[in-house]
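# Overview (structure and organization)
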Amino acid sequence: MSLTLQHIEKYPFFDVIEQIAGEEACEIVKSLLFEDKTIKEIAKDTGLKINLIRKVLYKLNKYYIATYEKSEKKINPIFREFTWRFNPQAVVKYVEKRKEVLIDNLKKNLNYLSQKQVFFCGNQGCSTYDFEKAFELNFKCPNCNTALKLLDSTTTINKIKTFLSKVYTNY
Ligand SMILES: [Zn+2]
């Protein structure tokens, strides 16, 4: 995928970047959108401190969202500086990966709730029990002595299902 302005408008790049590396990261990435730059050039663009820029870039580099290479610009005749590049594809990958983990967890919850019978007295602050434990307790809550009743998980299951379909369709 190559980056176009349309992509930037449609895709929540900056939301994701802010989550990973903070508000300043958005300013830094904006400065790198259409041109690779050295940290000094980014500092000139954004007015941010060099140390902060370096910290943010290393955070983004963990996910290959920002990568660096030796500059051909030869700003300093002795040292070649590094130029930094923004890789939008890495943001897409990061989101896909997170989406996978989220869907996986939701499915596990859904399975648990669909397969297990959960017993509950209905009082906030008391615990829930599976069938075996509830049987052992004679279907009485050990905390408040109220009868333990089979909890209807339908509402929770439906909520998770709705959320799952949103996760599938988003992005
Ligand atoms: Zn109770």
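Because the structure is a prediction, the values reported are computed rather than measured. (Residues numbered from 1 in each chain as written. Predicted model: local features only at pLDDT ≥ 70, side-chain atom pairs only at ≥ 80, totals over all residues.)

### Quick look at the overall build of the protein chain
- The number of helices and strands found in the protein chain is eight helices and five strands.
- Reading the helices (α) and strands (β) of the protein chain from amino to carboxyl end gives α-α-α-α-α-β-β-α-β-β-α-β-α.
- Counting the 171 residues in the protein chain, one finds 15% classified as buried.
- Once local pairs closer than 6 in sequence are excluded, the contacts in the protein chain between residues at least 24 apart make up 53%. (Helix = DSSP H or I, 4+ residues; strand = E, 2+ residues; numbered from the N terminus. Buried ≥ 20, exposed ≤ 12 C-beta atoms within 10 Å, placed from the backbone. Contact = placed C-beta atoms within 7 Å.)

### Points about the nonpolar core
- Core analysis: the biggest nonpolar cluster contains 17 residues, and Ile17, Ala25, Ile28, Val56, Leu57 and Leu60 have the highest contact counts within it.
- Listing elements by their share of this core, those giving two or more residues are helix 2 (13-21), helix 3 (23-32), helix 5 (50-61) and strand 2 (82-86).
- Not counting chain neighbours up to four residues away, the residues in contact with Leu57 comprise Ile28, Ala66 and Trp84.
- Tyr129, Ala134, Cys141 and Leu148 belong to the second-largest nonpolar core, a separate cluster that totals six residues. (Core = buried A, V, L, I, M, F, W, Y, C linked by C-beta atoms within 7 Å.)

### Quick word on unusual backbone geometry
- Of note, the phi angle at Asn138 is positive, near 60 degrees, even though the residue is not glycine.
- Judged by the 9 C-beta atoms lying within 10 Å of it, Asn138 falls in the exposed class.
- Notably, Phe139 is not glycine yet its phi reads approximately 60 degrees, a positive angle.
- Inspection of the secondary structure puts Phe139 in the loop between helix 7 (131-136) and strand 5 (149-150).

### What about helix 2?
- Among the residues making up helix 2, those that are buried are Phe13, Ile17 and Ala21. An end-on view of helix 2 places all buried positions within 25 degrees of arc, on one side of the element. Facing away from the buried side of helix 2 by over 90 degrees, the exposed positions are Asp15 and Gln19.
- Phi turns positive one or two residues past the end of helix 2, at Gly22, with a value near 90 degrees. (Arc of directions from axis to C-beta.)

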